[in-house]
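One-letter residues, chain by chain:
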Amino acid sequence: MQIRRGPTLALAALTVGLLTATISTPAQAAPAQTATPLSLPGVADVVSAGDRVFVSGGYSSTEVVVTSATGTVVGTLSGLPGPSDLLLSADRQTLYVALPSANAIAAFNTGSLTESARYDTGAGECPSSLALTGRYLWFGYGCDQWGGNIGRIDLGRQPAVVTTGVATGQDFYDAPLLTAASQNRSVLLAGQPGLSPASVYAYTIGTGGTLSAPRENEFMAVGSNLRDVALDPTGTTVFTASGAPYVVQAFPFADISTPSVTYPTGAYPNAVEVSRDGTKIAGGADASYDPDVFLFRADGTELAHFELNDDLSPGALAWAPNGARVYAVSYDWTGDHPVTLHVLPVPAG
């Protein structure tokens, strides 16, 4: 369900906005961009392995579309029940695909596009989000309200060992949104979607993949209707995109109470992604008739913004590993336009 304008969100935005100062600078003209229609009924996620880009079709689909770095369709991963969240290994040679409709996670070789493994998540039904910290592949799962939790796959053991319910004493309203830091294997961030006010939980990973009692954000700090979360490469900064306030927010991982930087996106932020080197932030919003994707320096200075002409799908942003491009996937909720992959050049600076 897409967030639309209404009194509740407007009040939440005003309430949080009173607590937060934003950095606003004049926007530069957007560079040229390209768009490629995709034969998908919907969209869930997008990731870039460098030479290849992967777009999953979501619950109503059975495919992940594969394109070149410039957006040309080059292949398809087919026969997948409801492919949702996508995740790349550190070396970008393995693509993990969450399959909530099959209670499983599939692994593919990004070069040959062949399936190399499939992990049954068992009691961890409807795995919908993924994160990786070294040998541990984490998944947020949950089919029913207040039935969500976090599972762990130990890839360092053969066969791999699946453990569910590792967020001891914590119930999530829905499958939690997970993210990890590429250069820090000791932290994990989980977001609570679907609630107002929203919550995020910062975990420290201990021996054997145990999770510490989490630190939670201060009340109302994250805002309402959480749509996406991210961590910088070192795991020291948390990023959130919520329906309100109308900014992507950055918080210290150690103290999720007051934003250290904000990134103005307009109404209903729904996506955030950090570049591989941590110097740039991409933020997106489901804002009608306004730019959909914004690129910022880490300090909040805007580099560029882009109009997609359709709605940005929640969480559907990805940086190219070299930072030269951002990938965004749009959809049209009326069904009149196809799902579209947009390749957005990143300006220097």
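That block above? That's the structure.
Residues numbered from 1 in each chain as written. Predicted model: local features only at pLDDT ≥ 70, side-chain atom pairs only at ≥ 80, totals over all residues. Heavy atoms only, no water.

## Things to note about the overall build of the protein
- When helices and strands are counted, the protein shows one helix and 28 strands.
- A compact globule built from 349 residues should have a C-alpha radius of gyration of about 20 Å, and the protein, at 18 Å, falls within 12% of that.
- Over its C-alpha atoms, taken along the principal directions, the protein stretches across nearly 55 × 45 × 35 Å.
- Taken across its 349 residues, the protein has 56% of its residues classed as buried.
- Across the protein, contacts joining residues at least 24 apart in sequence account for 45% of those joining residues at least 6 apart.
- Roughly 13800 Å² of accessible area belongs to the protein as shown, and the carbon and sulfur atoms make up 51% of that amount. (Helix = DSSP H or I, 4+ residues; strand = E, 2+ residues; numbered from the N terminus. Rg over C-alpha atoms; globule rule 2.2 N^0.38 Å. Buried < 20%, exposed > 50% of the residue type's maximum accessible area, 1.4 Å probe, protein only. Contact = heavy atoms within 4.5 Å. Areas by Shrake-Rupley, 256 points an atom, 1.4 Å probe, with all protein chains shown as cover.)

## Considering the sheet that holds strand 6 (residues 86–88)
- The four strands are arranged 6-7-8-9 in an open sheet whose pairing can be described as antiparallel. Of all strands in the sheet, those with a lone pairing partner are strand 6 and strand 9 (115–120), marking the two edges. Here the average twist between neighbouring strands, direction ignored, is 20 degrees. (Pairing = 2+ DSSP bridges. Axes fitted to C-alpha atoms, helices over the stretch in contact; angles between N-to-C directions.)

## Re the packing of aromatic side chains
- Counted under the stated rule, the structure contains eight aromatic pairs.
- The rings of Phe239, Tyr263, Phe294 and Phe296 are connected pair by pair, giving a single aromatic cluster. (Phe/Tyr/Trp six-rings, centres within 6.5 Å; stacked < 30°, edge-to-face > 60°.)

## Structural notes on the state of the cysteines
- Counting across every chain of the model gives one disulfide.
- Sulfur-sulfur distance for the disulfide between Cys126 and Cys143 comes to 1.9 Å. Disulfide Cys126 to Cys143: torsion about the S-S bond roughly 100 degrees, handedness right-handed. Linking Cys126 in the loop between strand 9 and strand 10 (127–133) with Cys143 in the loop between strand 11 (136–141) and strand 12 (149–154), this pair joins segments that are 17 residues apart in sequence.
- Cys126 gets classed as buried once you look at its relative accessible area, which sits at 16%.
- Residue Cys143 is classed as partly exposed on the basis of its relative accessible area, which comes to 39%. (Disulfide = S-S within 2.5 Å.)

## With respect to the layout of surface pockets
- Computed from the structure, the second largest pocket encloses a volume of approximately 220 Å³.
- As for the second largest pocket, its lining consists of 13 residues, of which Ser288, Tyr289, Asn309, Asp310 and Asp311 are closest to the centre.
- Classifying every residue of the lining of the second largest pocket gives four nonpolar, three polar and six charged. (1 Å grid on protein atoms, 1.4 Å probe; cavity = no way out; pocket = protein on both sides within 12 Å on 5 of 7 lines; lining within 4 Å. Points joined across faces, edges and corners; volume = space filled by probe spheres on them. Nonpolar A, V, L, I, M, F, W, Y, C, P; charged D, E, K, R; others polar.)

## Digging into the nonpolar core
- Ranked by size, the top nonpolar core spans 17 residues in total, and within it Leu38, Val46, Val55, Tyr327, Val329, Val339 and Leu341 carry the most contacts.
- Elements represented by at least two residues in this core include exactly strand 3 (52–56), strand 26 (311–319), strand 27 (325–331) and strand 28 (339–345).
- Sequence-distant contacts of Val46, defined by excluding residues within four places in its chain, comprise Val53, Phe54, Val55, Leu86, Ala316, Leu317, Ala318, Tyr327, Val329 and Leu341. (Core = buried A, V, L, I, M, F, W, Y, C linked by side-chain atoms within 4.5 Å.)

## Considerations on the environment of Asp277
- Note on placement: Asp277 falls in the loop between strand 22 (269–274) and strand 23 (280–285).
- For Asp277, a relative accessible area of 54% translates into the label exposed.
- As a C-alpha pair, Asp277 and Gly323 span 46 residues in sequence and 8.1 Å in three-dimensional space.
- Looking at Asp277, its side chain comes within polar contact range of the side chain of Ser275, at 2.8 Å.
- Among the polar contacts made by the side chain of Asp277, one reaches the side chain of Thr279 at a distance of 2.8 Å. (Polar contact = N/O pair within 3.5 Å; in protein donor to acceptor, adjacent residues only side chain to side chain.)

## Some thoughts on the sheet that holds strand 25 (residues 302–306)
- Taken in spatial order, the four strands make up an open sheet running 22-23-24-25, and their pairing is antiparallel. Only two strands of the sheet have a single neighbouring strand rather than two, namely strand 22 and strand 25. Neighbour-to-neighbour, the strand axes of this sheet turn through a mean angle of 15 degrees, independent of strand direction.
- Inspection of the sheet shows strand 24 (residues 293–297) paired to strand 25 by four bridges, in the antiparallel sense.

## Let's talk about the pattern of salt bridges
- As enumerated under the stated definition, the model contains two salt bridges in all.
- Between Glu115 and Arg118 there is a salt bridge, and its shortest N-O distance comes to 2.8 Å.
- Here Arg135 and Asp154 are joined by a salt bridge, their closest N and O atoms 2.8 Å apart. Note that Arg135 is positioned in the loop between strand 10 and strand 11 and Asp154 in strand 12, a separation of 19 residues in sequence. (Salt bridge = Lys/Arg side-chain N within 4 Å of Asp/Glu carboxyl O.)

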